[in-house]
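Understanding the architecture of this molecule
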Amino acid sequence: MAEAHSAVAFSFAITHEGVHVNYDREVLHVIFYSGLRSWRRNLRRFVNNVRCGVFPASLTSMALTVGGYNALYLTRDTYASGYDISLGLVDRLRPFIKLEEQAQTVACCSIIACGCWIGASMLMKYTLRFLYMYKGWMYESRGKGGSMSFLTKLWIVTVKLLTRFSRPMLYSYQGALPRLPLPALSQTMSRYLRSVRPLMDDENYSRTEGLVKNFQNGIGKKLQRYLLLKSWWSTNYVTDWWEEFVYLRGRSPLMVNSNFYGTDAILLHPTHLQAARAGNVTHAAFLFRRLVDNQTLEPIMAQALVPLCSYQYERTFNTIRIPGMQTDKIVHFSDSTHIVVYNAGRYFKMPCYYKGKLLNPKELQMQFERILADESVPEKGEATLGALTAGERTPWAEARTKFFNKGINFASLKDIEKAAFVVVLEDDEYDYDPEDPTQLDRFGRAMLHGKGYDRWYDKSFNVIVMKNGRIGFNAEHSWADAPIMGHMWEYIIGEDVFEFGYDDEGNCVGKVTCNPPVPTRLKWDFSQECLQAIDTSFRVADALLNDVDLRLLMHTAYGKGFMKGCRLSPDAYTQMALQLAYYRDAGKFNLTYEASMTRLFRDGRTETVRPCTIESSAWVKAMEDKNVSNAKRVELLKMACDQHQLGYRDAMCGKGIDRHLFCLYVVSKYLEVDSPFLNEVLSEPWRLSTSQTPHGQTSKMDLSKNPKCISAGGGFGPVADDGYGVSYIIAGEETIFFHVSSKKSSSVTDSKRFARQIEKALSDMKNLYAGLAKK
């Protein structure tokens, strides 16, 4: 009866005795606090935007500059022998300011001081941008026994001096970050040829060299000129096209093909109460949103010195991907005080604020318990409604326009789209059993795709809470890359375990201080035609998820501790293990994708590292040749890892191959110019697609002291029909998690078999060093 109560919250009647006004004081309180919260948010944002705009200077320095300038000018006759520090500017300004003489002097001095301060702050900002263009530090060894050039030492000192005057906020560095540089066409072509050499025989390589030469000396020059113009005009020449053409114009299902997932800290199980875990996690998520909104979240710094671009955080919450006939769009709402909860086939709108205040974990637990206690049954088609977001994009766009453009369907859909995020209260239980690895596989599948209808895949992210309190997430990919979700997830787990905790019975700690509004069921009215559209999308999603072959491997024989002991990069070491495993599995080398980031530049997202190199292939062949000594294999492994690190650094510094080629291809399509070289490059399948899950992005959680708090990481679906998708997280000194995905319909792939090959490769690599130690 909540709707009826709201309808009569304010009314009036006119009688012969006059006008009688009836109102509900509670509703007016809600309206008042909602408006008050909105004004506070807007004021904070305005102040924070000003602070970020003047960084690395500070507003305090402006006040000191104005005050000091006035003091020096007003006391010039006493302490400065009559010297006019304004150089006559005060006298020139006086005619334009009509005040008494003393006030006029102060006003003129203040204006001049502000001008000087603005000039100095702009000089500092652009000096900092110039300094951040330097990437020499990336290529210098900073480990044990490494050396640093004098130029890099001078650069470090200068950067520290410029950034010491003001405490940075989340977006403080945005104006100081340099643009992503456009590589020279000749450099990209040279790097491309080197990257494909181990994949081709002499005949095919000669043919490719011819294509490259014709492109570089022909249409490539024209395409490069247009792309150079775009790099000058836009803050990032890649990001907008990457978001549009790689993500938003894709018409295939988001589920499995695009969305990615994350898992719980599986070595911990703080509570078995579903509502309690949901309460803590939801509260922590809103606290993270508050940090983002207030810009008090610490920006991520590389080497504690160089900032990473933070623009992707803005769309973490209150964000939805809206389907379109030809292209989707990302819509971000400025605020939302509710979430949407999916449970037992029903959707609920759950308020998370009361009188302008965020509900505490105990109160949120009470809200979730109300939903779990609701015994109502789903409307026809409601349980599988989410399949529309899991299927093909164009049918979903058609259905959205036709069946959700008015009435209760429109209102309910808007509640979902405007929600801060979606929470799914699962009916199933999943856990971790080291003796039964299939349980972890099932848990990963639940996070990746669920049942094909029990996630709202368009939402920026869904938090999934299992019946026994295990948690995970499913995230849409177009609005941001995995490190952003990884940062938030790390924060949530840290707050859940270390800050909030649970009582002896597994309930949230704290007291209920209010009686928040009861969650309301979202209403739907589906025609037979709409039900058919839902069913069609569900059949597409069901076929897709049933074709997924997912294996989660927890490797505990050794971790990054041993790899560092070998004086090798843990990421490069792991990538070499994947190269060896793939060669043994497929009997050949293939194009390999590793995601890297370009967030050292403004609006940066990702770049591709190509781990299959001339050096890595030479090492793999040596591992398979019994006549090669272990000493030689170790030497080749070091060369392969060094080359991989060089490729990774090049990608981070804007010297990658694939984003440049991608943008040249987009320009060619706009110009309606056909390029055989670009057509071939952009159609090459990534049969081994890999990504490392980052961790340690928040200071809230000390993983060295609490290694069990590390998440098992996350994963994604296979990129190629006959390939593997491999995500890994180097979780502490002794553990590595691998998430291996492929398609059951492929006759050449098998995720469990490939996981065994990874284990064998890692074991053989360790034995290389064990053999040398014995000698």
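Scroll up to find the structure this text is about.
Within each chain, residues carry numbers counting from 1 in the order of the written sequence. The model is predicted, so local features are restricted to residues of pLDDT at least 70 and side-chain atom pairs to those at 80 or more, both for listing and for counting; the totals for chains, interfaces and linings are taken over all residues. In computing side-chain values, all of the structure's heavy atoms are included and hydrogens and water are not.

Geometry is summarised by axes, namely lines fitted to C-alpha atoms with helices restricted to the contacting stretch, and by angles between N-to-C directions that run from 0 to 180 degrees. In this text, helices come from DSSP runs of H or I with a minimum length of four residues, and strands from runs of E with a minimum of two, each type numbered from the N-terminal end. Here helix 9 (residues 202-217) crosses helix 10 (residues 219-233) at 55°, and the two axes come no closer than 3 Å. As the angle between them shows, helix 9 and helix 10 are arranged oblique. Between helix 9 and helix 10, the contacting residues are N214, F215, Q216 and N217 on the first element and I219, G220, K221 and L223 on the second. Charged means Asp, Glu, Lys or Arg here, nonpolar means Ala, Val, Leu, Ile, Met, Phe, Trp, Tyr, Cys or Pro, and polar covers whatever is left, Gly included. Grouping the amino acids of the contact of helix 9 with helix 10 by side-chain chemistry returns three nonpolar, four polar and one charged. Our angle categories are set so that under 35 degrees counts as roughly parallel, over 145 as roughly antiparallel, 65 to 115 as roughly perpendicular, and the remainder as oblique. Throughout, a contact is declared for two residues whenever any of their heavy atoms are within 4.5 Å.

Right, let's talk about the environment of S691 for a bit. Structurally, S691 is set in strand 19 (residues 688-692). Each residue is placed in one exposure class: buried if its accessible area under a 1.4 Å probe, protein chains only, is under 20% of its type's maximum, exposed if it is over 50%, and partly exposed if it falls in between. On the basis of relative accessible area, S691 is assigned to the buried category, the value being 18%. Sequence separation of S691 and L768 is 77 residues, and the distance between their C-alpha atoms is 25 Å. In this view, S691 contacts A595, F716, V726, S727 and Y728; residues no more than four positions away in its chain are not counted.

Pairing between two strands requires that DSSP report at least two bridges joining them. Read from one edge of the open sheet, eight strands run 15-9-8-12-13-14-3-20, paired in mixed fashion. Because the sheet does not close on itself, it has two edges, and the strands there are strand 15 (520-521) and strand 20 (714-715). Sheet topology places strand 13 (residues 461-465) next to strand 14 (residues 471-475); five bridges connect them, and they run antiparallel. In the sheet register, N462 faces strand 14, and the bridge partner there is N474. Most of the contacts of helix 13 (residues 361-373) go to strand 9 (residues 346-351), to which it runs at about 155°, and overall it touches strand 8 (338-343), strand 9 and strand 12 (422-425). Seen against the sheet, helix 17 (residues 437-448) touches strand 3 (260-263), strand 13 and strand 14 and runs at an angle of roughly 135° to strand 3.

Read across the open sheet, the six strands follow the order 16-22-21-19-17-18; overall the sheet is mixed. Of all strands in the sheet, those bounded by a partner on one side alone are strand 16 (548-555) and strand 18 (606-609). On average, each strand axis in the sheet is tilted by 20° relative to the strand beside it, whichever way the strands run. Here strand 17 (residues 592-597) pairs with strand 19 via three bridges, running parallel. Looking at strand 19, one finds that T592 is bridged to L688.

Further remarks concern the packing of helix 10 against helix 24 (residues 658-670). One way to put it is that helix 10 packs onto helix 24 with a least axis distance of 9 Å and a crossing angle of 100°. Between helix 10 and helix 24, the angle falls in the class roughly perpendicular. Residues L223, Q224, Y226 and L227 of helix 10 pack against H660, C663, L664, V667 and S668 of helix 24. Tallied by class, the residues present in the contact of helix 10 with helix 24 amount to six nonpolar, three polar and no charged.

To continue, consider the side chain of Q295. For Q295, the position within the fold is in the loop between helix 12 (274-294) and strand 4 (301-302). When its relative accessible area of 4% is taken as the criterion, Q295 is described as buried. Separated by 3.4 Å, the side chains of Q295 and N49 make a polar contact. Polar contacts, as counted here, are pairs of nitrogen or oxygen atoms within 3.5 Å of one another; within protein the pair requires one atom able to donate a hydrogen and one able to accept it, and residues that are adjacent in sequence qualify only if both atoms are side-chain atoms.

A separate point is unusual backbone geometry. Across residues other than glycine, the phi torsion is negative in most instances, and most of the peptide bonds are trans. Omega for the bond connecting F55 with P56 falls within 30 degrees of zero, at 15°, which places this linkage in the cis form. By the secondary structure assignment, P56 is in the loop between helix 2 (25-54) and helix 3 (59-74). The phi angle at Q295 is positive, at roughly 60°, despite the residue not being glycine. Unlike most non-glycine residues, D603 shows phi in positive territory, near 60°. Along the chain, D603 falls in the loop between strand 17 and strand 18. Taking the relative accessible area as the measure of exposure, D603 reaches 17% and is therefore buried.

Right, let's talk about helix 17 for a bit. Expected helix span is taken as 1.5 Å per residue step, with the number of steps being one fewer than the number of residues. In this model, helix 17 (12 residues) spans 17 Å end to end at C-alpha, consistent with the 16 Å of a helix rising 1.5 Å per residue. The complete set of buried residues in helix 17 reads L440, D441, F443, G444, R445, A446, M447 and L448. One or two positions beyond helix 17, positive phi appears at G450, with a value near 55°.

Note that V509 resides in the loop between helix 18 (482-500) and strand 15. Since its relative accessible area comes to 46%, V509 is described here as partly exposed. Separated by 154 residues in sequence, V509 and K355 place their C-alpha atoms 22 Å apart. For V509, the contacting residues outside a window of four places in its chain are K362, F500, G501, Y502 and D503.

Our focus in this paragraph is the state of the cysteines. For this text, the term disulfide refers to a pair of cysteine sulfurs within 2.5 Å. Counted by the stated rule, this structure contains zero disulfides. Free cysteine: C114, not disulfide-bonded; nearest cysteine sulfur from C116 at 9.4 Å. C508 carries a free sulfur, and the closest cysteine sulfur to it, the one in C352, is 13 Å from it.

The analysis is restricted to geometry; functional conclusions fall outside its scope.
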